[in-house]
Amino acid sequence: MYITVFHKVSSGYLAKCYDAAVRKKDGISFENGGYESDREATVRIYTKKALDISPYDKVIFEKSTLSSPPDTAFIIKRVCDNRGGILSHIRLECVC
């Protein structure tokens, strides 16, 4: 599956596509006597290279030529560098 990451730069966003493995979770969480949508995704980009991806960047789960992220984009909350193992990858933990 291809993803597009929108990295925040001073002049807006820089979009870059990656081949990745994606696992999505849809659910609800109960808050203040009601419930809210609770959508998460874990993305693994298999690489040995450092990638310019940071928390608060945005991601969509398709190859795109957009110059800025759509409102439906997930926000990257954590970037985990797992390039030291046998299956070298960068893991992105995302929320919507």
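I will try to describe carefully the structure that is included in this document. Values in this document were obtained by computation on a predicted structure and should not be read as measured data. (Residues numbered from 1 in each chain as written. Predicted model: local features only at pLDDT ≥ 70, side-chain atom pairs only at ≥ 80, totals over all residues. Heavy atoms only, no water.)

Considerations on the nonpolar core
1) Next: Counting 15 residues, the largest nonpolar core has Ile-3, Val-5, Val-43, Ile-45, Val-59, Leu-92 and Cys-94 as its most contacted members.
2) Next: For this core, the secondary structure elements donating two or more residues are strand S1 (2-9), strand S4 (34-46), strand S6 (74-82) and strand S7 (89-95).
3) Next: Look past the residues within four positions of Val-5 in its chain and what remains in contact with it is Leu-14, Ala-15, Lys-16, Tyr-18, Ile-53, Asp-57, Lys-58, Val-59, Ile-76 and Leu-92. (Core = buried A, V, L, I, M, F, W, Y, C linked by side-chain atoms within 4.5 Å. Buried < 20%, exposed > 50% of the residue type's maximum accessible area, 1.4 Å probe, protein only. Helix = DSSP H or I, 4+ residues; strand = E, 2+ residues; numbered from the N terminus. Contact = heavy atoms within 4.5 Å.)

With respect to the pattern of salt bridges
1) Next: Tallied over the full model, the rule gives five salt bridges.
2) Next: A salt bridge links Arg-78 to Glu-93; its shortest N-O distance comes to 2.5 Å. Note that Arg-78 is positioned in strand S6 and Glu-93 in strand S7, a separation of 15 residues in sequence.
3) Next: Judged by its relative accessible area of 41%, Arg-78 falls in the partly exposed class.
4) Next: Glu-93 gets classed as buried once you look at its relative accessible area, which sits at 17%.
5) Next: One network of salt bridges, with partners in common, ties together Arg-78, Arg-91 and Glu-93. (Salt bridge = Lys/Arg side-chain N within 4 Å of Asp/Glu carboxyl O.)

With respect to the packing of aromatic side chains
Ring pairs (aromatic) are described by centroid distance and by the angle formed between their planes.
1) Next: Per the stated rule, a full pass over the model turns up one aromatic pair.
2) Next: A cation over an aromatic ring shows up here: Lys-8 above the ring of Tyr-13, its NZ or CZ 4.8 Å from the ring centre.
3) Next: One Lys or Arg, Lys-63, reaches over the ring of Tyr-2 and ends 4.1 Å from the middle of that ring. (Phe/Tyr/Trp six-rings, centres within 6.5 Å; stacked < 30°, edge-to-face > 60°. Lys NZ or Arg CZ within 6 Å of the ring centre and 35° of its normal.)

Overview of the side chain of Thr-47
1) Next: Within the secondary structure layout, Thr-47 lies in the loop between S4 and strand S5 (58-60).
2) Next: In this structure Thr-47 touches Arg-83, Ser-88, His-89 and Ile-90, once residues within four positions along its chain are discounted.

Quick notes on the environment of Val-59
1) Next: Tracing the backbone through its elements, the reader meets Val-59 in strand S5.
2) Next: A C-alpha to C-alpha distance of 9.5 Å links Val-59 and Leu-92, two positions 33 residues apart in sequence.

What about the pairing of S6?
1) Next: For S5 and S6, the ladder comprises two bridges, and the chain directions are antiparallel. Pairing of Lys-58 across the sheet is with Ile-75, part of S6.
2) Next: Judged from the seven bridges that link them, S6 and S7 form a sheet pairing that is antiparallel. In the strand pairing of S7, Val-79 is matched with Leu-92.
3) Next: Here S6 folds back onto S7 in antiparallel fashion, the turn holding six residues. (Pairing = 2+ DSSP bridges.)

Focus on the pairing of S1
1) Next: Examined bridge by bridge, S1 and strand S2 (residues 12-19) share eight bridges and lie antiparallel to one another. Paired with Tyr-2 across the bridge in S2 is Asp-19.
2) Next: In sequence, S1 turns back onto S2 through a hairpin of two residues.
3) Next: Where S1 meets S5, three bridges bridge the pair, whose relative direction is antiparallel. Opposite Phe-6, over in S5, you have Lys-58 as the bridge partner.

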